[in-house]
Amino acid sequence: MQRSRLAATLVAAATVAGAAAVVAATAHAQTGAATGLDNNWYAAAPYLMPQSNNPPDPVTVMNATGQKAFQLAFILAPKSGGCSPTWDGTTPVSSDTTVGDAINRIRGNGGDVSVSVGGYGGTKLGQTCGTVDATAAAYQQVVAKYNLKAIDFDLEEPEYEDTAAIANELGAAKKLQADNPGLFVSVTMPGTAAGTGWFGTQLLDQAKSIGFSPNNFSIMPFDGGFTGGGASQVSALEAFHGLLQSHLGWDSDTAYAHEGFSGMNGKSDSSEYFNVSDFQTVYDYATSHHLGRFTFWAVNRDRQCTTTTDNSVCSNVQQNDWDFTKFTTRFAGATPPQTTPPTSPTSPTSPTSNPPGTCSAPEWQKTQVYTGGTVVSHNSHKWTAKWWTQGEEPGTTGQWGVWTDNGGC
């Protein structure tokens with residue numbers, strides 16, 4: 001489903017009787033995030049809808065993957081109109097306790113959050129607030145309420161095509177950056193085979209004209225004919241790299257350092273399919289070219305479909321729970337916990353007692369997740385995984401060098 005339609009029934013807003021809980025939660029959040037995380041984590045925070053689309057327990061995801069940061073979505077203008085920030089256009093930030101409680105749990109487990117404003121569909125604050133200062137003041141309420149160290153401007157339809165609204169958003173982002181030293185600011189926009197479309201290049205030009213340089217410009221290479229999987233996404237990212245150079249005047253290294261990938265795990269809205277292997281392709285490109293951000297939509301979907309094919313709550317591709325989140329963990333520089341005990345490689349100096357032609361390591365399985373150092377047998381050879389992998393057959397051409405051939409066994 002389109003992300004404009006991903007918001008299922010929302011949790012009701014807190015009552016006046018919960019006001020004291022809001023104060024306590026805010027104080028706890030400010031204490032828990034006093035130091036924050038380093039920017040690697042905010043640049044590797046996957047999107048999570050905390051109130052809808054059957055949100056998973058973030059602490060469960062953290063413990064299973066090693067992930068420490070999440071990109072909570074979305075802040076919008078009220079559906080009834082006005083210039084005050086709400087969650088999904090419904091729950092006022094000023095009276096929120098539900099999201100605040102989720103943030104407290106994440107911070108209590110050693111993590112932190114960024115908040116994303118905008119998204120696909122809905123009415124954005126840049127459309128209703130009227131001026132840069134008013135838009136910035138609305139977003140500053142969110143920064144202050146949750147003591148944020150990072151914020152994401154997800155600039156999409158219909159605001160994406162509204163020049164005045166985009167000017168308000170980018171101007172507000174620049175003001176927030178200036179008023180909150182150290183705030184990590186990312187800008188996310190639609191992706192095309194050419195990197196981004198006409199409105200995306202206009203957005204880049206607008207940012208340059210006001211002297212605004214966010215920490216990152218990310219594209220979303222999906223829902224735009226990306227039937228080539230990871231390879232087509234890499235091609236779009238390389239094209240976007242050229243646009244960052246030509247429109248912002250950056251050299252190649254600077255452009256890569258300010259470029260990001262925001263993917264969609266599993267089946268996209270337009271029935272493109274992005275498997276774990278496609279994420280591996282993009283991850284390899286992102287890390288080898290030193291891109292500044294790697295994220296995806298969304299953790300709510302990072303699980304295999306079982307009793308439903310609802311694209312808002314599962315991926316519709318073969319996977320284990322949280323396989324895609326493990327890529328953002330790795331991008332941040334951490335190693336995900338092992339889901340299965342690795343098989344210890346045989347010491348090269350130790351004689352083997354196995355008869356010639358037999359393999360003692362377990363046979364490679366397509367659906368099994370393997371971590372670096374795991375040893376398997378396949379086609380009478382022994383293979384060692386270099387890093388986390390799933391579905392990549394040892395010895396098959398067209399792979400990304402994940403398996404080391406240790407010879408016949």
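Before reading on, note that the structure itself is shown above.
The notes below deal with the structure included here. Fair warning: this is a prediction, and the values are worked out from it, not measured in the lab.

**So, the pattern of salt bridges**
Then step 1. Counting across every chain of the model gives four salt bridges.
Then step 2. We note a salt bridge from Asp152 to Arg293, for which the minimum N-O separation is 3.5 Å. Of this pair, Asp152 sits in strand β6 (residues 150–155) while Arg293 is found in strand β12 (residues 293–297), placing the two residues 141 residues apart along the sequence.
Then step 3. Looking at Arg293, the relative accessible area reads 0%, which means it is buried.
Then step 4. One salt bridge connects Lys175 with Asp179, and the closest N-O pair in it is separated by 3.2 Å. Linking Lys175 with Asp179, this pair stays in helix α7 (residues 163–179), spanning four residues, or about one helical turn.

**Re the state of the cysteines**
Then step 1. Under the criterion given, the structure shown has two disulfides.
Then step 2. In this model Cys83 forms its disulfide with Cys129; the gap between the sulfur atoms is 2.0 Å. Taking the torsion about the S-S bond as the criterion, the Cys83 to Cys129 disulfide, at about 105°, is right-handed. Separated by 46 residues along the polypeptide, Cys83 in the loop between β2 (69–76) and β3 (86–87) and Cys129 in the loop between α5 (125–128) and α6 (132–146) bring together distant segments of the chain.

**With respect to the environment of Gln51**
Then step 1. Here Gln51 shows up in the loop between β1 (47–48) and α3 (58–65).
Then step 2. Considering only alpha carbons, one finds Gln51 and Phe74, 23 residues apart in sequence, at a separation of 9.9 Å.

**Brief notes about the nonpolar core**
Then step 1. If you look at the biggest cluster of nonpolar residues, it comprises 92 residues, and the most contacted ones within it are Ile75, Phe153, Met189, Leu203, Phe217 and Phe294.
Then step 2. Ranked by residues supplied to this core, first place goes to helix α9 (residues 229–248) with seven residues.
Then step 3. When sequence neighbours within four positions are dropped, the list of residues in contact with Ile75 reads Pro85, Thr86, Trp87, Val93, Val115, Ser116, Val117, Gly118, Leu125, Tyr139 and Val142.
Then step 4. Core analysis: the second largest hydrophobic core is formed by seven residues, Tyr370, Val376, Val402 and Trp403 among them.

**As for the packing of α7 against helix α8 (residues 198–209)**
Then step 1. Look at α7 against α8: their axes get within 10 Å of each other, and the N-to-C directions meet at 50°. On the basis of the axis angle, α7 is oblique to α8. Where α7 crosses over α8, the two elements pack in a sense that is right-handed. Contacts between α7 and α8 involve Ile166, Ala167 and Leu170 on the former and, on the latter, Leu203, Gln206 and Ala207.
Then step 2. In terms of residue class, the contact of α7 with α8 is built from five nonpolar, one polar and no charged.

Rules used throughout
- Residues numbered from 1 in each chain as written.
- Predicted model: local features only at pLDDT ≥ 70, side-chain atom pairs only at ≥ 80, totals over all residues.
- Heavy atoms only, no water.
- Salt bridge = Lys/Arg side-chain N within 4 Å of Asp/Glu carboxyl O.
- Helix = DSSP H or I, 4+ residues; strand = E, 2+ residues; numbered from the N terminus.
- Buried < 20%, exposed > 50% of the residue type's maximum accessible area, 1.4 Å probe, protein only.
- Disulfide = S-S within 2.5 Å.
- Core = buried A, V, L, I, M, F, W, Y, C linked by side-chain atoms within 4.5 Å.
- Contact = heavy atoms within 4.5 Å.
- Axes fitted to C-alpha atoms, helices over the stretch in contact; angles between N-to-C directions.
- Parallel < 35°, antiparallel > 145°, perpendicular 65-115°, else oblique.
- Left-handed = near helix turned anticlockwise from the far one by under 90°.
- Nonpolar A, V, L, I, M, F, W, Y, C, P; charged D, E, K, R; others polar.

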